[in-house]
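One-letter residues, chain by chain:
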Amino acid sequence: MTRRTLLWCAAGMGLIAYPLLVNNFWLVQIGGRTLGFGTIALSLVFLVAYGGMLSLAQMTVAGVAGYAVAYFTAPVAGVGLLLPWPLALLIALALATLAGLLIGLLAVRTLGIYTLMITLAIAMAFYFLTLQNYAIFNGYTGFSNVQPPVVAGVDFSRALPFYYLSLAIAAACYGAVRHITRTPFGLALQGVRDNPRRLRSLGYDVARVRVVAFAIAGLLAGLGGILNLWLNGSISPASVGINPVIDVLMAAVLGGFLHPIGAYVGALVFTVVDNFAINFIARERFNTLIGLVFLAVVLFSPDGITGLLRRGRIWLEEKVARLNRRRGRNAGSSSPMQSRQET
Amino acid sequence: MKHRSIRQFTGVAVLASALMSSTALYAQDDVIHFGGLATLEGAFAEPGADGLRGMELAFEEFGWEIDGKEIEFTSASSDGTPDVALESARRLIEQDDVDILVGPLSGSEGIRLAQYAKEQTGTTFLNGGSAAVETTLVDPAENFYRFNTDGAQWTAPLGEYLVEERGWDNIVIVSEDYSFPYAQIFGFMATYCEAGGTVSDKFFVPVGNNDYSSVIAQLPQAGGDVDGMYVVLGGSDAVNFLTQYAQMGGDLPIVGGTNAVDQTVLAARGQARQLLPGVLASGPISDNDDSEAWTTFVEAYRDHFGEEGLPSPSVFAYNYYTSTKAALTALQKVGGDLSNDHADLREALDTLELESPTGTVTINENRQATAAIYINEIVEDEEGDLTTEPLMRVESVDQFLGLGEDAYMELGLPSRDNPSCPS
């Protein structure tokens, strides 16, 4: 347990000290994007890992929050309504939660591939709505020049404050997910995932548990969506189109569904590969390289990078234990079985 | 175990630092680092690749060096969306440390990058192929130059020509629903309505539409009170629409937007093809222009790229080439001096009179090009290929379409409903 705490402290310190080591590109475009995009992926990992529900509409929910913030803080061409930013953020997050709730209501009675189909349909419907609606979404152009607020003299559009803002929000979301899974609701959700019939006979309203999970995921995705909006400074239908929708799934699959941290690991790998693939291969073929990397991860580690890390650690621990045994040390204290249980 | 983990850690650290500093080595005084941003994925992948060919052609012409300083070239891709364009531009500038960025390719990307240029005052931006009106009109950035004409400039001469030379005064418009076609319609109608023409109806379709039957059913018949239709569609949209229109027996005379007569459309097979010969359009280049500058450019393009390139350089190759050449010419004038936030370079650019393949290009106080525009007719050559034949060359079309800044600004910004001139 102490080793784990130590690891977390080191990771936290590393993330806080990260700006000292890198330039603005790595700070914002890799770091900030990983944290914001990772939070959207986190909402998906939460749904899949604890609720067993695979949704493709998380980017859509993030888009709802993004569009709401843009609509209320950066009106263009007669579209939008200028409000104080705290109110705008509140409305945006409420709308994202509501969107999650509504998607949950629609999707909750389906399972597996049917949930996937329904949420994909919702995502595409929202994309075409933003593309063709001019009164609220400003059509093809969307909203540009959306700046984060300046709070108490701190301008969050600058690289360093933006990174720490992203880090704080991502850490809070991550902590919230870890906490929720240990609450009675979280345990009920995992029960619903494993055996809905048994939960129902115990008196739980299975549908309601699932809908609430969708609403929570909506709130998380909304927070990620706002960070994403501020990173890009603009939002348009392309931000909620099929590519970003699939990207979220890709990041989550890359990271793996074993552990919520997988969302951020996946987002990091996705962002780095996406940005640098073109440096290593002919410029017309770089998407092939991206595809091959993803294929390799999915092929060789179906449970993503976190699965790979976990297997690596177990393998290492077993080896160490064997080594210890061979040296005639106290072999019983760190047997492979025990270390596996610890994880 | 300790050794192993140290070794692993070292490996990871080396890899990470290699990534982070992959191009920091280039940040030397005797190197000028160019970035090229174009769409190498999605619907505009072919135009994007051709744009970068244009850039390479310009570097080739200058022997990849300015005053003994070597030219370093890094390219990046976007998929045509502002988000991805911004991401790639940030990588080029903040990570790869490019001095001069040429790009992006499409309208909305350009609007976004012109805003981003204001944050990056140490970099000089030259537009690639993007042709939205707003980029250099609304609060233009000091360090964003567009040596290409915009979508409205491309079509402005055509409106007047139709009324005065062809006697058309009533048309319908079929167009894609986004910023670049708005600009094209805007430029066209500015002179067309002024000359006395009317537009009885506009039909907007989403980009990537496959079924045009509902629009075609609403179009008037030939021989009625409408003289023809103005088709502002590009790529596969244009091919699909024209094919379905021909299949349904449509016979209205057609004039096309700049992208509707692009080689990507002209090279298409099938029924769309039979409607194309005789179609009028206007744009910054003409395939069959016989001026020496243009034929030299086409020769150089064919020599250098051969089978790999298009049969004739596209408008994107031309635009990227012109912008890159503008930067190189200005750099040569100041001996490659980039000190003091490119002060000398920008002064040279501001006053540059560039000899482009279509004649002299100058820029105005918004750093927007004034250049010649061609009115083209689509013709079939002896090999059966469709090309554009120049009917007329209009000299010095400026950003304000010859209306003067005040009158032009009064027109407002292009949108679905602006401008409108119903009968």
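Residue indices begin from 1 for each chain and proceed along its sequence in written order. Here every chain gets a letter starting at A, and every ligand a number starting at 1, in the order they are written. For this predicted model, a pLDDT threshold of at least 70 governs which residues receive local features, and a threshold of 80 or more governs which side-chain atom pairs are given and counted, while totals over whole chains, interfaces and linings are taken from all residues. The basis for every side-chain value is the complete set of non-hydrogen atoms in the structure, without hydrogens or water.

This part covers the domain arrangement of chain A. As annotated, the domain borders come from an automatic or database domain assignment. Domain boundaries in chain A define domain 1 (15–300) and domain 2 (310–343). Computed from C-alpha atoms alone, the centre-to-centre distance between domain 1 of chain A and domain 2 of chain A is 38 Å.

This next bit is on helix α11 (residues 292–305) of chain B. All names here are of chain B. Taking 1.5 Å per residue as the helical rise, α11 with its 14 residues ought to reach 20 Å, and the 20 Å between its terminal C-alpha atoms agrees with that figure. In this scheme, a residue with accessible area under 20% of its type's maximum is buried, one over 50% is exposed, and one in between is partly exposed, where area comes from a 1.4 Å probe on protein chains only. Segments assigned H or I by DSSP are reported as helices when at least four residues long, segments assigned E as strands when at least two residues long, and all are numbered from the N terminus. Along α11, the residues that are buried comprise W294, F297, V298, Y301 and F305. Angular distribution of buried residues about the axis of α11 spans 95 degrees; they occupy a single face of the element. When the buried face of α11 is taken as reference, the exposed residues oriented beyond 90 degrees from it are E292 and D303. Should any heavy atoms of two residues lie within 4.5 Å, those residues are considered in contact. Buried-residue contacts for α11 involve α2 (45–61) and α12 (315–333). Looking at the residues trailing α11, positive phi occurs at G306, about 50 degrees. By this rule, a helix spans an expected 1.5 Å times one less than how many residues it contains. Arc definition: directions from the helix axis to the C-beta atoms.

Before going further, it helps to examine the domain arrangement of chain B. Residue and element names in this part refer to chain B. Considered domain by domain, chain B is made up of domain 1 (5–148 + 291–370) and domain 2 (152–288 + 372–410). For domain 1 and domain 2, the distance between their C-alpha centroids amounts to 29 Å. Counting residues at the interface gives 22 residues for domain 1 and 23 residues for domain 2. Note: buried area is the sum, over both parts, of the accessible area (probe 1.4 Å) each one loses when the two are combined. Here domain 1 and domain 2 share an interface that buries about 2,000 Å² over both sides, 59% of which is from carbon and sulfur atoms. Area buried by domain 1 at its contact with domain 2 is led by V315, T358 and T370, which between them contribute 24% of it. The term salt bridge refers to a pairing of a side-chain nitrogen on Lys or Arg with a carboxyl oxygen on Asp or Glu at a separation within 4 Å. The interface formed by domain 1 and domain 2 contains zero salt bridges. Pairs of N or O atoms within 3.5 Å make up the polar contacts considered here, provided that, within protein, one atom can donate a hydrogen while the other can accept it, and that residues adjacent in sequence are counted only when both atoms are side-chain atoms. Between the two partners, domain 1 and domain 2, sit nine residue pairs in polar contact (both at pLDDT 80 or more). Contributions of two or more residues to the side of domain 1 that touches domain 2 are made by α12 and β14 (369–380). A total of four residues in the side of domain 1 that touches domain 2 trace back to one element, the largest contributor, which is α12.

This part covers the interface of chain A and chain B. A common way to express how large an interface is: the accessible area buried when the components associate. Opposite the 35 residues of chain A that make contact, chain B presents 33 residues. Roughly 3,000 Å² of surface becomes buried between chain A and chain B when both sides are summed, with 53% attributable to carbon and sulfur atoms. Put simply, chain A and chain B have one salt bridge between them. The partner of A:R33 in a salt bridge is B:E87, with the nearest N and O atoms 3.7 Å apart. At the boundary of chain A with chain B, the tally comes to 14 residue pairs in polar contact (both at pLDDT 80 or more). If you list the elements that add at least two residues to the side of chain A that touches chain B, you get α2 (24–51), α9 (206–232), α11 (261–276), α12 (286–300) and α13 (304–326) of chain A. When residues of the side of chain A that touches chain B are assigned to their parent elements, the largest contribution, six residues, is made by α2(A). The residue inventory of the side of chain A that touches chain B, partitioned by class, reads 15 nonpolar, 15 polar and five charged. Classes in brief: Ala, Val, Leu, Ile, Met, Phe, Trp, Tyr, Cys and Pro nonpolar; Asp, Glu, Lys and Arg charged; the others, Gly included, polar.

Put simply, two rings from Phe, Tyr or Trp (the six-membered ring, in Trp's case) pair if the centres are within 6.5 Å, and we call them stacked under 30 degrees between planes, edge-to-face over 60, tilted for the rest. Tallied over the full model, the rule gives 34 aromatic pairs over all chains. With a centroid separation of 6.2 Å and an interplanar angle of 45 degrees, the aromatic rings of A:F46 and A:Y50 are classed as tilted. Placement of both A:F46 and A:Y50 in helix α2 is noted, with a separation of four residues, approximately one turn of the helix. Here A:F46 and A:Y50 have matching classes, each one buried. Ring geometry for B:Y212 and B:F241: centres 5.5 Å apart, planes at 80 degrees, overall edge-to-face. Pair noted here: B:Y212 is in the loop between β8 (198–205) and α7 (213–218) and B:F241 is in helix α8 (residues 235–247), with a separation of 29 residues, a long-range link. Of the residues examined, B:Y212 reaches a relative accessible area of 0% and is grouped as buried. Residue class for B:F241 comes out buried when judged on its relative accessible area of 0%. These aromatic residues form a ring-pair network of at least three members: A:Y67, A:Y71, A:F72, A:F126, A:F137 and A:F143.

The next subject is the sheet that holds strand β6 (residues 144–145) of chain B. All names here are of chain B. The pairing criterion is simple: DSSP has to find at least two bridges between the two strands. As summarised here, the arrangement of the six strands in space is β2-β3-β1-β4-β5-β6, forming an open sheet in which the pairing is mixed. With partners counted over all chains shown, the strands left at the sheet margins are β2 (65–66) and β6, one partner each. Relative to strand β3 (residues 69–78), strand β1 (residues 31–39) runs parallel, the two being bridged by nine bridges. Bridge pairing links V31 to E70 in β3. On the sheet, α2 packs against β1, β3 and β4 (100–102) and is oriented at approximately 160 degrees with respect to β1. Simply put, an axis is a line fit to the C-alpha atoms, just over the touching stretch for a helix, and the angle between two N-to-C directions goes from 0 to 180 degrees. Sheet strands in contact with helix α13 (residues 339–350) are β4, β5 (124–126) and β6, and its direction is about 30 degrees off that of β5.

Attention shifts here to the packing of α12(B) against α13(B). Residues and elements named next belong to chain B. The contact between α12 and α13 brings their axes to 9 Å, and the two run at 120 degrees. For the pair α12 and α13, the crossing hand works out as right-handed. Residue-level inspection shows A326, A327, A330 and L331 of α12 in contact with α13, the latter providing L345, A348 and L349. For the contact of α12 with α13, the per-class residue count stands at seven nonpolar, no polar and no charged. Note on convention: near helix rotated counterclockwise from far helix by under a right angle means a left-handed crossing. Clockwise means right-handed.

Our focus in this paragraph is the nonpolar core. Within soluble globular proteins, side chains that are nonpolar generally end up buried alongside one another. Residues belong to a common nonpolar core when they are buried Ala, Val, Leu, Ile, Met, Phe, Trp, Tyr or Cys residues joined through side-chain atoms within 4.5 Å. Of all hydrophobic cores here, the largest spans 144 residues; its most connected members are A:W230, B:F34, B:L126, B:F147 and B:L349. Looking at this core, the element that brings in the most residues is α2(A), giving 17 residues. With 30 residues, the next largest nonpolar core counts B:V239, B:I254, B:A272 and B:I378 among its residues.

The next subject is the side chain of A:R33. Here A:R33 is to be found in helix α2. Sequence-distant contacts of A:R33, defined by excluding residues within four places in its chain, comprise A:V28, A:G38, A:N228, A:L231, A:F270, A:T271 and B:E87.

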